[in-house]
Amino acid sequence: MDHKKPRVTSIETKHMKERDSLLRALHNLDRRSFMKVSAAAAGVVAAKGLLPPHTFQPVTVAHAQPGGEPAFRLAYISDSHLYERDVNDRFVNALMRAVDDVNAMDPQPDFVLYGGDLAQLGKAKELELGAQILKNLKAPVRMMVGEHDWFLDMGDKWRELFGEPTYSFDHKGVHFVVLNSILEKDFWTARKMTPEQRMLTVAGLDNGVQSRFMVGDEQRAWLARDLAPVAATTPVIVFSHSPLYKLYEPWNFWTDDAEQVQATLRRFRAATVIHGHTHQLLTNRIGNISFHGMLSTAWPWPYAPEGLPPLTIQMGRPDPFNPHDGCGDGSLAIHPDGLVDKIYGLWNRNPVTITRNYTASQGKKDRPDIPQRRSY
Ligand SMILES: [Fe+2]
Ligand SMILES: [Fe+2]
């Protein structure tokens, strides 16, 4: 009798081996081992028969929009909600997948926006893990902070890793502003909460204890000073974690001083706000300002139960049996007129491009198709 081991490895064995090598490599996640790690992550996904390893190719095809070539492109990754790696490796895999997607873009984006909520509970190890993974992006990264990164130590670790959360810069004729829009009124001191209790309260969202997100007096004054010398004809793009409008208060799909921030942007010919936090396709236009939500790499949210901005192309409820459905990453095409095409690279569905013509015409032109689930 032949006692030799079978030469064909079962799918399960292969999956477990790949998963082990992924976890081993995670213990030393430098740039060299990352290539192995992300290959293993893609292998795990492929072994489960879920998805192709790279999903950015169809997005590139979707870029071919009428109305001329963009001046430049950005990529975005947002809301990864990382736990420490021995608690949950699924979200780690998802963030690495997004890094793979962006690294596969050809040509490379001018920079990558990280949209906040890198960590789940603001722990140093969560933020450090996220920083390590994001180091593997080939393009430069611009960071934005989310409430899950902030309320354990009020941003101390985040600042140590990434610098100040409020800043601006100019790039190819566009003025970019990054805000910390997740400030809250002090609900913790009077209640004698520990930092952990404060963090868990904010992470709980719908609890009636925390206050609404806000940009706050100090930062709004900074914004007014920052924008004062910028000509009205200069395109302005603002990155904020929460939407800079009021959609659904109980989940903080909301910024309390949104109207005041909008008023500061009112005089610009082309103003765009790109936000995280909502984890879904979400489009709005208020006056001259277009607002676009970003996809998350973890936890797609349901839509707010009290109605959506009419321009929103709804993505439908994620498939609960597919952990990547409803998640993804994406890019922005910035046109010479300063208006923006927003591309949603959904991992399990066809990509959706919200063109500048669609938003500027209040939905009368270029209505995109609804994102369909991939059949498999
Ligand atoms: Fe989030
Ligand atoms: Fe958030």
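A brief structural summary. (Residues numbered from 1 in each chain as written. Chains lettered and ligands numbered in written order. Predicted model: local features only at pLDDT ≥ 70, side-chain atom pairs only at ≥ 80, totals over all residues. Heavy atoms only, no water.)

Quick look at the overall build of the protein now. A tally of helices and strands in the protein yields 11 helices and 12 strands. A buried classification covers 57% of the 376 residues belonging to the protein. Nonlocal contacts in the protein, meaning residues at least 24 apart in sequence, comprise 72% of its contacts between residues at least 6 apart. Put simply, the protein shows about 16200 Å² of open surface, and 54% of that area lies on carbon and sulfur atoms. (Helix = DSSP H or I, 4+ residues; strand = E, 2+ residues; numbered from the N terminus. Buried < 20%, exposed > 50% of the residue type's maximum accessible area, 1.4 Å probe, protein only. Contact = heavy atoms within 4.5 Å. Areas by Shrake-Rupley, 256 points an atom, 1.4 Å probe, with all protein chains shown as cover.)

Taken in spatial order, the 6 strands line up as β4-β5-β6-β7-β9-β8 in an open sheet, and their pairing is mixed. With partners counted over all chains shown, the strands left at the sheet margins are β4 (167-171) and β8 (283-286), one partner each. The mean angle between the axes of side-by-side strands here comes to 20°, regardless of whether they run parallel or antiparallel. For strand β7 (residues 271-275) and strand β9 (residues 289-293), the ladder comprises 5 bridges, and the chain directions are parallel. What sits directly across from I274, in β9, is H292. Along the sheet, helix α9 (residues 217-227) makes contact with β4, β5 (174-178) and β6 (236-240), crossing β5 at roughly 170°. (Pairing = 2+ DSSP bridges. Axes fitted to C-alpha atoms, helices over the stretch in contact; angles between N-to-C directions.)

Evaluation of the coordinates by the stated rule reveals 17 aromatic pairs. Consider the rings of Y83 and W299, whose centres lie 6.2 Å apart with planes at 80°: the pair is edge-to-face. Pair noted here: Y83 is in the loop between β1 (72-77) and α4 (90-103) and W299 is in the loop between β9 and β10 (328-334), with a separation of 216 residues, a long-range link. Their ring planes at 85° and their centres at 4.9 Å tell us that Y248 and W251 sit as a pair that is edge-to-face. Members of the aromatic cluster, connected to one another through ring pairs, are F72, F111, Y167, F169, F176 and F239. Directly above the aromatic system of F111 lies the positively charged group of R142, at a separation of 5.9 Å from the ring centroid. Between the NZ or CZ atom of R142 and the centre of the ring of F169, over which it lies, the distance is 3.7 Å. (Phe/Tyr/Trp six-rings, centres within 6.5 Å; stacked < 30°, edge-to-face > 60°. Lys NZ or Arg CZ within 6 Å of the ring centre and 35° of its normal.)

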